[in-house]
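Examining the three-dimensional arrangement
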Amino acid sequence: MRKILHTVAALALAAAGATTMGTSGAQAADGPWDGCPYGAVCIYPQDADTSRPPTDIFYSYGAHNLRNQNGWHWVLNNQSGGAHARLCTGYNGTGCGEDLAAQTGVYADLTPINSITLDRP
């Protein structure tokens, strides 16, 4: 079911831009989500669904600069306690836009994204 949801979301995204997806209800509230460890934010390979392992896994709060992340990627926020993640066009967490609440994911074009922040609730 999740794979179907990811496929549908990816197709819809091609026409509408980045789309935020909430959890499907099948995910445990305190366990891994499609290979993303609980408490982490994960980026998956370009143009792939989340059945492949993440290319980047972030655990610590603050800004994380990205390297070689171009094109469309799934970004899952599997943090706890209401922690958010944000996609930023500048390095070191500047120019932040897209806000990902805990337990949500987005399929986004990371070409203009140079950093991601993990923010305390």
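Residues numbered from 1 in each chain as written. Predicted model: local features only at pLDDT ≥ 70, side-chain atom pairs only at ≥ 80, totals over all residues. Heavy atoms only, no water.

1. Quick look at the sheet that holds strand S7 (residues 96–100)
In a beta sheet, neighbouring strands are held together by backbone hydrogen bonds and run either parallel or antiparallel to one another. The condition is simple: For two strands to be treated as a pair, DSSP must find no fewer than two bridges joining them. Secondary structure follows DSSP: runs of H or I at least 4 residues long count as helices, runs of E at least 2 residues long count as strands, and numbering of each begins at the N terminus. To obtain each axis, a line is fitted to C-alpha atoms, and for helices this fit is confined to the stretch in contact; angles are then taken between N-to-C directions over 0 to 180 degrees.
Ordered by their spatial adjacency, four strands build an open sheet running S4-S9-S6-S7, and the pairing between neighbours is antiparallel. Edge positions in the sheet fall to strand S4 (62–65) and S7, since each of these pairs with one other strand and no more. Looking at each pair of strands side by side, their axes are set apart by 25° on average, direction ignored. Two strands pair when backbone bridges link them, and S4 and strand S9 (residues 115–119) are joined in this way by four bridges, in the antiparallel orientation. Along S9, the bridge assignment pairs asparagine 65 with serine 115.

2. Section: the nonpolar core
Which entries qualify depends on this criterion: For the purposes of this section, nonpolar cores are sets of buried Ala, Val, Leu, Ile, Met, Phe, Trp, Tyr and Cys residues that join through side-chain atoms within 4.5 Å. Exposure is judged per residue with a 1.4 Å probe applied to protein chains only, and the accessible area is read against the type maximum: over 50% gives exposed, under 20% gives buried, and values in between give partly exposed. For this analysis, residues touch if any pair of their heavy atoms sits within 4.5 Å.
Counting 14 residues, the largest nonpolar core has Val75, Leu87, Leu110 and Ile116 as its most contacted members. When residues of this core are traced back to their parent elements, those giving at least two are strand S2 (40–43), strand S6 (84–88), strand S8 (104–109) and S9. Non-local contacts of leucine 87, meaning those with residues more than four positions away in its chain, are made with Val75, Gly95, Cys96, Gly97, Glu98, Val106, Ala108, Leu110, Ile113, Ser115 and Ile116. One finds Ala40, Cys42, Trp74 and Leu76 within the second-largest nonpolar core, a separate group that totals eight residues.

3. Details of the side chain of glutamine 69
Where we set the bar: In protein, a polar contact means a hydrogen-donor-capable atom and an acceptor-capable atom, both N or O and within 3.5 Å, with residues adjacent in sequence counting only if both atoms are side-chain atoms; elsewhere, any N or O pair within 3.5 Å suffices.
As for its placement among the helices and strands, glutamine 69 is situated in the loop between S4 and strand S5 (72–78). Of note is the side chain of glutamine 69, whose polar atom sits 3.4 Å from the side chain of threonine 55. Polar contacts involving the side chain of glutamine 69 include one to the side chain of histidine 73, which spans 3.4 Å. When neighbours within four sequence positions are excluded, glutamine 69 is seen to be in contact with Ile43, Thr55, Asp56, Leu110 and Thr111.

4. Section: the confidence of the model for the protein
Basically, it comes down to this: One number per residue, pLDDT, summarises how confident the predictor is, and it ranges from 0 to 100.
Of all residues in the protein, 76% have pLDDT values of 70 or greater, and the mean over the chain is 82. Scored below 50 in pLDDT, residues 1–27 makes 42 contacts in the model with residues more than four places away or belonging to other chains.

5. Overview of the pairing of S2
Covered by surrounding structure in S2 are Ala40 and Cys42 together with Val41 and Ile43, the residues of both alternating faces. Two elements, S2 and S5, share four bridges in a ladder whose sense is antiparallel. What sits directly across from cysteine 42, in S5, is leucine 76. In this sheet, strand S3 (residues 56–58) lies alongside S2 in antiparallel orientation, the contact comprising three bridges. When the bridges of S3 are listed, valine 41 appears paired with phenylalanine 58.

6. A closer look at the environment of alanine 85
Along the chain, the position of alanine 85 falls in strand S6. Through-space distance from the C-alpha of alanine 85 to that of glycine 105 is 9.9 Å; in sequence the pair is 20 residues apart. For alanine 85, the residues in contact, after removing those within four places along its chain, are Val41, Asn77, Gln79, Glu98, Asp99, Leu100, Thr117 and Leu118.

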